[in-house]
Amino acid sequence: MNIHFFEEISSNAHVALNTMLYDGWILRFANGHTNRANSVSVIYPSTLEFDEKVSYCEEVYRKAHLPCVFKLTEKDSQLNKYLEEHGYKMLTPTDVMILNLKETHFQKGACVFSKEPTEEWLRSYFAFEGITDVTKQETFRKMLSKVLVDTIYCSFFNDDEMVACASAAIERGYMLLQNVVVCPECRGKGYGQKVCESLLAYTKENDACYSYLQVVKDNVAAVNLYSKLGYKKVYTYWYMKKHF
């Protein structure tokens, strides 16, 4: 289990608008859109004491008008203990799961694939997710435009109507399955599984060897879907945010 590897490639797949390097830690900023893109990633070795580093990060995020959030994994037990002792609480425990695509036999459904997000894909994604705020939409567009690894966007149709969408980011043979969402009126009909299977089949044909994803532990429906597809848990990450 190489946590370092998955944390690195997932950061390249779900990018922030701005990043700042600080003694092995990566401070990420994206106007508050998702914790992943607005938190301190503790990936590389560091040399400074926690007192100095945490205070510095808190001040940087304060100046950016954002809460200071840390993204931790099992390898960060000492920092997790320190943060707990200084008023931080755990948020959103999330499992990283992996699937060996060489062992899968999925079929592509009624899908359209593109290397960039089309306007139809974006409009549908925002509608399905209920994102109506124009500023949040623009932030998401900018984040997608900054991804430098290969990407695939999948739109799943039923009777010429898009009912689900998803995307993938591929690096070093590993495909991150993300942005999986189904039209609210069409949920419970298996379209989530179909769009995932279609995208997995397509990326396997295009030389991806493994797929991985990140799913919130208490999202029971999603966890069950991904387990049904064959994904297995690799490790867990979570966020630490100060409780006031």
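Residues numbered from 1 in each chain as written. Predicted model: local features only at pLDDT ≥ 70, side-chain atom pairs only at ≥ 80, totals over all residues. Heavy atoms only, no water.

### Examining the packing of aromatic side chains
Aromatic rings considered in pairs are described by the distance between their centres and by the relative angle of their planes.
Move 1: Inspection of the entire model under this criterion finds 20 aromatic pairs.
Move 2: Ring centres of Phe126 and Phe140 lie 5.9 Å apart, and the angle between their planes is 70 degrees; on these two criteria the pair is classed as edge-to-face. Separated by 14 residues along the polypeptide, Phe126 in helix 4 (residues 119–129) and Phe140 in helix 5 (residues 134–145) bring together distant segments of the chain.
Move 3: According to the relative accessible area criterion, Phe126 is buried, its value standing at 4%.
Move 4: In this structure Phe140 comes out as buried when scored by relative accessible area, which is 4%.
Move 5: An aromatic cluster is defined as three or more aromatic residues linked by ring pairs; in this entry it consists of Phe5, Phe6, Tyr174, Tyr210, Tyr212 and Tyr235. (Phe/Tyr/Trp six-rings, centres within 6.5 Å; stacked < 30°, edge-to-face > 60°. Helix = DSSP H or I, 4+ residues; strand = E, 2+ residues; numbered from the N terminus. Buried < 20%, exposed > 50% of the residue type's maximum accessible area, 1.4 Å probe, protein only.)

### Looking at unusual backbone geometry
Move 1: Even without being glycine, Asn31 reaches a positive phi, approximately 55 degrees.
Move 2: Among the secondary structure elements, Asn31 is positioned in the loop between strand 2 (25–29) and strand 3 (40–42).
Move 3: Of the residues examined, Asn31 reaches a relative accessible area of 58% and is grouped as exposed.

### Topic: the sheet that holds strand 10 (residues 210–216)
Whenever strands of a sheet pair, they do so through backbone hydrogen bonds, lying parallel or antiparallel.
Move 1: Strand order across the open sheet formed by 11 strands is 1-2-3-4-11-5-10-9-8-7-6, with mixed pairing between neighbours. Looking at which strands have only one partner, the edges of the open sheet turn out to be strand 1 (18–22) and strand 6 (111–114). The sheet shows a mean angle of 25 degrees between the axes of neighbouring strands, taken without regard to direction.
Move 2: Relative to strand 3, strand 2 runs antiparallel, the two being bridged by three bridges. Paired with Ile26 across the strands is Ser41, a residue of strand 3.
Move 3: Helix 4 rests against strand 7 (150–158), strand 8 (161–171) and strand 9 (174–182) of the sheet, and its axis sits at about 105 degrees to strand 8. (Pairing = 2+ DSSP bridges. Axes fitted to C-alpha atoms, helices over the stretch in contact; angles between N-to-C directions. Contact = heavy atoms within 4.5 Å.)

### Things to note about helix 5
Move 1: Here helix 5 is 12 residues long and its end C-alpha atoms lie 17 Å apart, about the 16 Å a rise of 1.5 Å per residue gives.
Move 2: Listed as buried for helix 5 are Gln137, Thr139, Phe140, Met143 and Leu144. For helix 5, the buried positions fall inside an angular range of 160 degrees around the axis, keeping them on one side. The exposed residues of helix 5 that point more than 90 degrees off its buried face are Val134, Thr135 and Ser145.
Move 3: In this structure, the buried side of helix 5 is in contact with helix 4, strand 7 and strand 9.
Move 4: Between a side-chain oxygen at the N-terminus of helix 5 and the backbone nitrogen of Thr135 the separation is 2.9 Å; the capping residue is Asp133. (Expected span 1.5 Å × (residues − 1). Arc of directions from axis to C-beta. Polar contact = N/O pair within 3.5 Å; in protein donor to acceptor, adjacent residues only side chain to side chain.)

### Points about the environment of Lys71
Move 1: Assignment of secondary structure puts Lys71 in strand 4 (residues 69–73).
Move 2: For Lys71 and Asn35, which are 36 residues apart along the polypeptide, the C-alpha to C-alpha distance reads 8.2 Å.
Move 3: If we skip the residues at most four places from it in the chain, Lys71 touches Glu7, Arg36, Ser39, Val40, Ser41, Val42, Asp76, Tyr237, Trp238 and Tyr239.

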